[in-house]
Amino acid sequence: MQDIEQERQRKQDLLMSSIVDAGYDTIAFQVYCEQIKQNGSQDIDLWTYEELQKTIQDFIKKEDQKELNVPNDLKQHDPEPANKIFQIPKVQDDSNFFTEVQCQLPGRTKLTDYIMENTHKQVEIIMSEYMSKSDGIISSYISFKIETKPIGWVVNRRFTDFLKLREILLMTYPCHLIPPIPGKKLKSQTGAAYLEKRMRIMELFLQNCLYHPLFKTHPLFSDFLEITDDSKLKEKFNQYEKQKGPSKPQEYTMTNGSCVLEITNELQNYSQALTDYLKNSQDIYKKTGNNFSKLCTDLENLSNTLTSITDNFNTLDKLTDGFIKQTKSKGAIEQIQLVYQELSKFVTGWQYGVNFQMKNVKENFYEFFRYHKKSQSSAYDYLQTKNKLQQKYLNQKNQLNDKKEQLYIKGDPTKWELPPDIPKTVKELQFNKGEAFKYMLPNETKQLSEVREMYAFMNHQLQDEINQMIDFRIKVYAKKFVRMGQMRALETAKFHHILANFLQVLAEMQGSTTGQMYNRRASVFIDQRYDQFFGIKPK
């Protein structure tokens, strides 16, 4: 039985390569076969391989001779051959597939209306406060305050609200990279530092959605920022949770109303390189976060050491003061007491600078790299989702092709589930494997096509989403580090002032006016810094 099937496959491959793929008239070939073998010419099993090979060779010679005998002027004006519509079309394969389909446009929301009507104003989302609220007799929860400026919206949201919003965005935009939020809170974690970190990540989540051209158009995102009544927001959540996400690109929502579907070798190479990049850079982000964590610990230890030194100078000041009062001494002993006092101020200023650096590192480095490590992890998960969709498509494709292959080999068209309106006869399909594959099992073929389209859409969208993520990261980098530089300059100016005071005291002890000049310059310097960064002058 296996030998018969292998022989049949050889003959079918011969027909495909010599007649169909070569572009010869399949109908003319069938007629020619009937002339050679009048009984059973349509049954491929009644032909030996050698018979079929000779018949094909004779038919090709006959057709080529006909072409040679046609005058050139007739060749130029001949209509397209009738069999041209039956030839297998040149379709794009999975190494070169590119098309565009129409999809849904986003609707208007209060947020998008405001942005469109106030292009000169920049909308900002700020989270700066949180509070514990009662949730019954025993339980309680943390509520986070959200301000949307300059619109003036102020709402309070709990973590579960953020979780629901993100889940609905994931359901609505399955082919997009949704920014991360913190993990579920541990009951034992209720400290201020822990809650502050969670609030910063949730703030970045909202800012990221606002920055994304598609996410900010979702009606629920606008409602999330505006609705103050918790029961109304709950109704909105319930409304969207009952909906289903898009199963094909035509059901998707895009800002330009179209989805680009693409499967190319270039995108496959990009996907593979991105997998390595995200995995390796995620490790670096983790190491960098650990390094900044250690730096915070080192700075905290330095701050504690400076506190001890300040206490030592304060103790020396008190001891000296007691000695002066007891002995009524004057002169040099009073000067050394002043030196102890100024040294205490100097080390206190030094400690202030260290504490400021520690705060800066925590807010602008440590927490920044913690969040973007989480963002990097989300991007990796997003890429894996795309890869799973790709694998699902390839598995279904192989299974369907195998199923069609078996049906074609068995040669029973009644099992092919052919639709009634195809422009082919059953006999034509039996001699044309490519055409038969195109029309058989239409329902399963349609399902495979929908999976392919969603994979192709996500495959194309991958690069845009990664670029969007990096673009937002640059925006956050710039904002945080500009502010950090300003605050660092201010801290330096303050310490400059403290150092100038100390130098003035030492200079006056030596009878010099250099210290006074230095102190005046320092005062002007710090006044300018305050005015430049904050529009005010220090008290």
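Below: a short report on this structure.

What counts, and at which threshold
Per chain, residues are indexed from 1 in the order of the written sequence. The predicted nature of this model means local features are confined to residues of pLDDT at least 70 and side-chain atom pairs, given and counted, to a pLDDT of 80 or more, with totals for whole chains, interfaces and linings taken over all residues. Here the side-chain values reflect all heavy atoms present in the structure, with hydrogen atoms and water set aside. Numbered from the N terminus, helices here are DSSP runs of H or I no shorter than four residues, and strands are runs of E no shorter than two. Contacts were defined at the residue level, with two residues in contact if any of their heavy atoms lie within 4.5 Å. Geometry is summarised by axes, namely lines fitted to C-alpha atoms with helices restricted to the contacting stretch, and by angles between N-to-C directions that run from 0 to 180 degrees. Our angle categories are set so that under 35 degrees counts as roughly parallel, over 145 as roughly antiparallel, 65 to 115 as roughly perpendicular, and the remainder as oblique. Rotating anticlockwise by less than a right angle from the far helix to the near helix defines a left-handed crossing, while the corresponding clockwise rotation defines a right-handed one. Basically, the charged four are Asp, Glu, Lys and Arg, the nonpolar ten are Ala, Val, Leu, Ile, Met, Phe, Trp, Tyr, Cys and Pro, and anything else, Gly included, counts as polar. To define a nonpolar core, start from buried Ala, Val, Leu, Ile, Met, Phe, Trp, Tyr and Cys residues and group those joined through side-chain atoms within 4.5 Å. When accessible area is computed with a 1.4 Å probe and restricted to protein chains, residues below 20% of their type maximum are described as buried, those above 50% as exposed, and intermediate ones as partly exposed. Multiplying 1.5 Å by the residue count of a helix minus one yields the expected span of that helix. Note that the bend at a residue is defined as the angle between axes fitted to the seven residues ending at it and the seven residues starting at it. Definition used for salt bridges: Asp or Glu carboxyl oxygen within 4 Å of a side-chain nitrogen of Lys or Arg. The criterion for strand pairing is that DSSP finds at least two bridges linking the strands in question.

**Some words on the overall build of the protein chain**
Per the secondary structure count, the protein chain includes 15 helices and five strands. Of the contacts made within the protein chain by residues no fewer than 6 positions apart, 74% connect residues no fewer than 24 positions apart.

**Section: the packing of helix α6 (residues 159–172) against helix α8 (residues 219–226)**
At their nearest, the axes of α6 and α8 sit 10 Å apart, and the two run at 165 degrees to each other. Here α8 runs roughly antiparallel to α6, going by the angle between their axes. Crossing geometry of α6 relative to α8 is assigned as left-handed. Of the residues in α8, those touching α6 at D161, F162, L165 and I168 are L220, F221 and F224. Residue classes in the contact of α6 with α8 are distributed as six nonpolar, no polar and one charged.

**Comments concerning the side chain of T55**
Within the secondary structure, T55 is located in helix α3 (residues 49–69). Not counting chain neighbours up to four residues away, the residues in contact with T55 comprise F29, Y32, C33, I36 and W47.

**Examining the nonpolar core**
As a rule of thumb, nonpolar side chains are buried together in soluble globular proteins. Counting residues in hydrophobic clusters, the biggest one holds 73 residues, and the most contacted among them are I146, F205, L206, F221 and L225. Per-element tally for this core: the top contributor is helix α14 (residues 442–509), with 10 residues. In terms of nonpolar packing, the next biggest core, distinct from the first, is built from 23 residues, F292, V339, V347 and Y366 among them.

**Section: α14**
If you check α14, its first and last C-alpha atoms are 99 Å apart, about what 68 residues at 1.5 Å a residue would give, namely 100 Å. Along α14, the sharpest kink reaches roughly 35 degrees, centred on Q461.

**Let's talk about the packing of α8 against helix α9 (residues 230–241)**
Two numbers describe how α8 lies on α9: the axes approach to 10 Å, and their chain directions differ by 165 degrees. On the basis of the axis angle, α8 is roughly antiparallel to α9. Of the two elements, α8 crosses α9, and the hand of that crossing is left-handed. Here P219, L220, D223 and F224 of α8 come into contact with α9, specifically with L233, K236, F237 and Y240.

**Considerations on the environment of K475**
Relative to the helices and strands, K475 resides in helix α14. Residues K475 and N208, 267 residues apart in the sequence, show an inter-C-alpha distance of 10.0 Å. Sequence-distant contacts of K475, defined by excluding residues within four places in its chain, comprise Q122 and Y211.

**Structural notes on the environment of Q282**
By secondary structure assignment, the location of Q282 is in helix α10 (residues 265–327). Through-space distance from the C-alpha of Q282 to that of Y380 is 9.0 Å; in sequence the pair is 98 residues apart. Apart from residues lying up to four places away in sequence, Q282 is in contact with K373, Q376, S377 and Y380.

**Points about the pattern of salt bridges**
Oppositely charged side chains can pair when the atoms bearing their charge come close. Per the counting criterion, the structure on display carries 16 salt bridges. Note that E196 and R200 form a salt bridge whose closest N and O atoms lie 2.7 Å from each other. Here E196 and its partner R200 are both found in helix α7 (residues 192–211), four residues apart, which amounts to about one turn of the helix. We note a salt bridge from E405 to K433, for which the minimum N-O separation is 3.0 Å. Here the residue E405 occupies a position in helix α11 (residues 332–410), and K433 occupies one in helix α13 (residues 433–439), the gap between them amounting to 28 residues. Its relative accessible area of 19% is what places E405 among the buried residues. Residue classification places K433 among the buried positions, given a relative accessible area of 15%.

**What to know about the sheet that holds strand β3 (residues 140–149)**
Whenever strands of a sheet pair, they do so through backbone hydrogen bonds, lying parallel or antiparallel. With antiparallel pairing, the three strands of this open sheet are ordered in space as β2-β3-β4. Pairing within the sheet leaves two strands with one partner each, and these edge strands are β2 (124–134) and β4 (153–158). Neighbour-to-neighbour, the strand axes of the sheet open up by a mean angle of 25 degrees, direction not taken into account. The pairing of β3 with β4 spans six bridges and is antiparallel. Across the sheet, the residue bridging to T148 is W153, located in β4. The strands touched by α6 within the sheet are β2, β3 and β4, with β4 carrying the most contacts at an inclination of about 95 degrees.

From the geometry alone we can't say anything about function, so treat these as descriptive.
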